[in-house]
Amino acid sequence: MSRSSKLPSWLKDGFGIVLLLLFILAFFNIDTLQEDEFFSLSPEWLTVNTIFLGIVIEAIPFLLLGVFVSSLIQVFVAEDTLQRFLPKNAYAALFPAAVLGAIFPICECAIVPVVRRLIKKGMPLHVGVVFLVGAPILNPVVAGSTYFAFRNDLSIFYTRFGLAFVLAIIIGGLMYILFKNSDQLKWRTEELRGKESNNLAQVPVNKQNRLKQTFYHASDEFFLMGKYLIAGALIAAMFQTFLDRSTLLAIGTDAWTSTAVMMVFAYILSLCSEADAFVASSFSNTFSSGSLVGFLVYGPMLDLKNTIMLFAFFKAKFVIYFMISVTVIVYAAVMITQFIVFL
Amino acid sequence: MEERKDYSFHAYLRGIILLGFALLKLGMIISGSIQLYIAPTMMPFIYGSTAILFLLGVIQILRSTAGDDTDEAACDCGADHGMSGPRYVQIGIYSIFLLPIALGFVLPDQTLNSSVAENRGVQFGAAEASEPQGEPDDTGVIQAEEGENFGEDTSRAEEYMEDPDGYMENVGEGSADAGAEEHYTVEEYYEDEQFDSYYAEMAEEYEDVDFLDIDEDIFLDMMTMLDQNIGPFEGKEAEIKGFVYREEGFTEDQLVVARFSMTCCIADASVQGLLIESEEAEQFEVDDWVQATGVIEETEYNGHDMPVLKVTNLEPAEEPDVPYVYPSF
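Note that the structure is a prediction, hence the values are computed from the model and not measured. (Residues numbered from 1 in each chain as written. Chains lettered and ligands numbered in written order. Predicted model: local features only at pLDDT ≥ 70, side-chain atom pairs only at ≥ 80, totals over all residues. Heavy atoms only, no water.)

Chemist: How should the domain arrangement of chain B be read in this particular structure?
Modeler: The accessible area lost on association of the parts is a frequent measure of interface size. All names here are of chain B. Entries for chain B in the domain assignment read domain 1 (2-106) and domain 2 (114-316). Taken together, the contacts link 7 residues of domain 1 with 5 residues of domain 2. Sorting the residues of domain 1 by area buried against domain 2 places Tyr37, Ala39 and Met42 first, and these three jointly supply 67% of that buried surface. For the interface between domain 1 and domain 2, the tally reads 0 salt bridges. Applying the counting criterion to the domain 1 and domain 2 interface returns 2 residue pairs in polar contact (both at pLDDT 80 or more). For the side of domain 1 that touches domain 2, a count of residues per class yields 5 nonpolar, 2 polar and no charged. (Domains from an automatic or database assignment. Contact = heavy atoms within 4.5 Å. Buried area = accessible area lost by both parts, 1.4 Å probe. Salt bridge = Lys/Arg side-chain N within 4 Å of Asp/Glu carboxyl O. Polar contact = N/O pair within 3.5 Å; in protein donor to acceptor, adjacent residues only side chain to side chain. Nonpolar A, V, L, I, M, F, W, Y, C, P; charged D, E, K, R; others polar.)

In structure tokens form, the structure reads like this:
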């Protein structure tokens, strides 16, 4: 494992070539490798591996979508453009942000790079928060899957989207009260230096260069984000395999605890918001409609894999306040709706 | 200069890792094992991302070989993406990316089994009962209705086969035959606003079919349809294939024939199945694949009405290459 700049360049090139040859060799022998079980693990760990690969393979297209949107914003959107479209009043920006979040078909794997990029481009923090919590739920694909999963009980469909819209605005507003327009992103010293020079020299570049930049940028950001996503997927896969759900189910007996249990589930399962409705409907035998709404609203806003991403890119104090606010607000709102709608 | 070299080495290594991801996906697509991880509806995304990964990988490698024209190589976003930190951190970060590629190539594909099913909970019947189950119910033991009822239903099916129109008229009138009181027509259900029109149309379509072959394509829809509206299907013959699952409180002659269903990827797989009753049930172990043929009836389990297949023939079956079922939309 030689990856230091101090090593001679032939060794580094050689390492890369060997790695590539290994991949190609594995590619042509994928069936033999797997069927002969040269390497194997206990069934539980194979299940972990299966779920892990499932999440990673499934998430990569959406992560790519997120990093490409982010790099398009980076390369093509000038900072003053954003400022021009934002209302001057901080609270007035909340509602249009939620509406915009509903139009962008971006789910929770893709939203973190996009929001981070928008904030770096000068979007106020609280508007970014509205996107962060709203966009993964409020989008056409999620609406479709929720509709199909709960065709028998459309009240769940309506409460999910109603709550997501209202709560995104409330959470965004609360974040404004707490943090105003302070900078909550983590900046490394070299980034600050870069930011400086960037601001000074916004040289217009030719089109071909911009296209190349978009690709360079996207792949850099893929590596920046991907590591957190992969780590989160691994932890989620272990939880999915080793957590005995019956112990959690045993806790959730009344409306209060069952809502809490479903929110914990949503957090640790780290499902894609496009698919979580079907998982929720498989719980409909054992859980009340109200607690299913808790699962469907909380999961896309916060889960294990995006928590890791948030801690990597935002200041820890902000992430903790954000997580507490989202949890308390969603829980309270779901309990209130439960007593109004489902009783 | 040293920094620049290091930078191009990172681009080179990243390019190779991107190609590794692309090759893994392509390999899975060609060998077909991708179906064990991803549902067919998501496949367009997988194809697209594989192509993009190849493209990005090639671009990265070209980028690393580009001369020392730094302006062109570095994307000008304020040195956002440099890889920093001591060497062991860098090795650790690249290992995170190599992990899924290595595991994907090397480890055997695993299909989910009933231990996972048990943890996730298996849906059989009573999809609409939304109250928490609470304490285990000791009245959950099912009064097996063999003998008379069984024979009666078979004869009803025969009656139907001999004279479908006459039989349907009989059932439609309802009062003509005392036993038909519990049978409803599809039209009655259609009126019921609780009943969703999708399954009503489906029920209409299958009402005239006297043998329900519950195969992969219609498995999930059939489970929901039978749960919601067993009326027109009571007494019909059906065949179903799946793995054996048992729950605490089952009698010796009961088991569930279950399938994992996948919406997007394997992480969201859930389990659905049909309760069956057969004297040979105890001969089969949990996780065995079976094919069951029998007659659909309604029963009560843990206080919920649900469909049950009174089995006339239960035999071992081969596990399909792709054991999962998918929603029909």
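Chemist: Help me understand empty space enclosed by the protein in this model?
Modeler: Scanning the entire structure with this criterion turns up 5 cavities of 30 Å³ or more. Put simply, the largest cavity is a space of about 90 Å³. Lining the largest cavity are 13 residues, with Ile55, Glu58, Ser270, Leu271 and Cys272 of chain A positioned closest to its centre. By residue number, the principal contributor to the lining of the largest cavity is helix H3 (residues 43-76) of chain A, which donates 3 residues. Class assignment for the residues of the lining of the largest cavity results in 9 nonpolar, 1 polar and 3 charged. In this model, the second largest cavity occupies a volume close to 60 Å³. Together, 11 residues line the second largest cavity, and Arg245 and Val279 of chain A together with Arg120, Ala267 and Ala269 of chain B are the ones closest to its centre. Considered class by class, the residues forming the lining of the second largest cavity number 5 nonpolar, 3 polar and 3 charged. (1 Å grid on protein atoms, 1.4 Å probe; cavity = no way out; pocket = protein on both sides within 12 Å on 5 of 7 lines; lining within 4 Å. Points joined across faces, edges and corners; volume = space filled by probe spheres on them. Helix = DSSP H or I, 4+ residues; strand = E, 2+ residues; numbered from the N terminus.)

Chemist: Any chance you could explain the nonpolar core here in plain terms?
Modeler: Across soluble globular proteins, nonpolar side chains have a tendency to be buried as a group. Core analysis: the largest hydrophobic core is formed by 169 residues, its most contacted members being Phe222, Phe295 and Phe322 of chain A. Here this core takes 15 residues from H3 of chain A, the largest share from any one element. Contact partners of phenylalanine 322 of chain A, with chain neighbours within four places excluded, come to Val129, Leu132, Val133, Ile171, Met175, Leu302 and Leu310 of chain A. Counting residues in hydrophobic clusters, the runner-up holds 31 residues, among them Tyr206, Met223, Leu226 and Phe233 of chain B. (Core = buried A, V, L, I, M, F, W, Y, C linked by side-chain atoms within 4.5 Å. Buried < 20%, exposed > 50% of the residue type's maximum accessible area, 1.4 Å probe, protein only.)

Chemist: I tried to follow a nonpolar patch on the surface on my own but got confused; where do I start?
Modeler: Residue and element names in this part refer to chain A. Residues Leu178, Phe311, Ile320, Tyr321, Ile324 and Val328 make up a contiguous nonpolar surface patch of roughly 520 Å² in combined accessible area. With 4 residues, helix H17 (residues 316-341) is the largest single contributor of residues to the nonpolar patch. Structurally, the position occupied by phenylalanine 311 is in helix H16 (residues 304-313). (Patch = residues over 30% accessible without salt bridge, like charges linked within 9 Å, V, L, I, M, F, W, Y side chains within 5 Å. Areas by Shrake-Rupley, 256 points an atom, 1.4 Å probe, with all protein chains shown as cover.)

Chemist: I would appreciate a short explanation of helix H9 (residues 197-207) of chain B in the present structure.
Modeler: Each α-helix winds once per 3.6 residues, and so residues spaced three or four apart point in a common direction. Among the residues of H9 of chain B, Tyr199, Ala200, Met202, Ala203, Tyr206 and Glu207 of chain B are the ones counted as buried. Looking straight down H9 of chain B, one finds its buried side chains confined to an arc of 165°; they lie on one side. (Arc of directions from axis to C-beta.)

Chemist: Any chance you could explain the confidence of the model for chain A here in plain terms?
Modeler: Should the pLDDT be low somewhere, the predicted coordinates at that spot are not to be read in detail. Residues and elements named next belong to chain A. Per-residue pLDDT for chain A averages 81, and the proportion of residues at 70 or more is 89%. Between the elements of chain A, mean pLDDT differs from a low of 51, seen in helix H10 (residues 189-200), to a high of 92, seen in H17. Predicted confidence for residues 1-5 stays below pLDDT 50, and this span has 18 contacts to residues more than four positions away or in other chains. (pLDDT = per-residue confidence, 0-100.)

Chemist: When you look at the pattern of salt bridges in this model, what are you seeing that I'm missing?
Modeler: Close approach of charged atoms allows side chains of opposite charge to pair. For the structure on display, the rule yields 6 salt bridges over all chains. Note that arginine 14 of chain B is salt-bridged to aspartate 220 of chain A, the shortest N-O span being 3.2 Å. Residue arginine 14 of chain B is found in helix H1 (residues 2-31), and its partner aspartate 220 of chain A is found in helix H11 (residues 207-242); the two belong to separate chains. Exposure class is identical for arginine 14 of chain B and aspartate 220 of chain A. Each is buried. Glutamate 216 of chain B serves as the salt-bridge partner of arginine 259 of chain B, at 3.3 Å between the closest nitrogen and oxygen. In this pair, arginine 259 of chain B is assigned in strand E4 (residues 254-261) and glutamate 216 of chain B in the loop between strand E2 (211-214) and helix H10 (219-228), connecting sequence segments 43 residues apart. Judged by its relative accessible area of 2%, arginine 259 of chain B is buried. For glutamate 216 of chain B, a relative accessible area of 31% gives the class partly exposed. Within this structure, Asp220 of chain A together with Arg14 and Arg63 of chain B form a network of salt bridges that share partners.

Chemist: What is the right way to read a negative patch on the surface from this model?
Modeler: Negative charge collects at one region of the surface, where Asp287, Glu318, Glu319 and Asp321 of chain B lie side by side. Topologically, aspartate 321 of chain B is positioned in the segment after strand E7 (304-316). (Lys, Arg positive; Asp, Glu negative; His and termini not counted. Charge placed at Lys NZ, Arg CZ, Asp CG, Glu CD.)

Chemist: Is there a simple way to think about the environment of glutamine 60 of chain B in this case?
Modeler: Looking at the element boundaries, glutamine 60 of chain B is found in helix H2 (residues 43-65). Relative accessible area serves as the criterion here: at 0%, glutamine 60 of chain B is assigned to the buried category. Note: C-alpha distance between glutamine 60 of chain B and lysine 310 of chain B (250 residues apart in sequence) is 62 Å. Excluding anything up to four places from it in sequence, glutamine 60 of chain B contacts Tyr216, Ser219 and Asp220 of chain A together with Ala11, Tyr12, Arg14, Gly15 and Leu18 of chain B.

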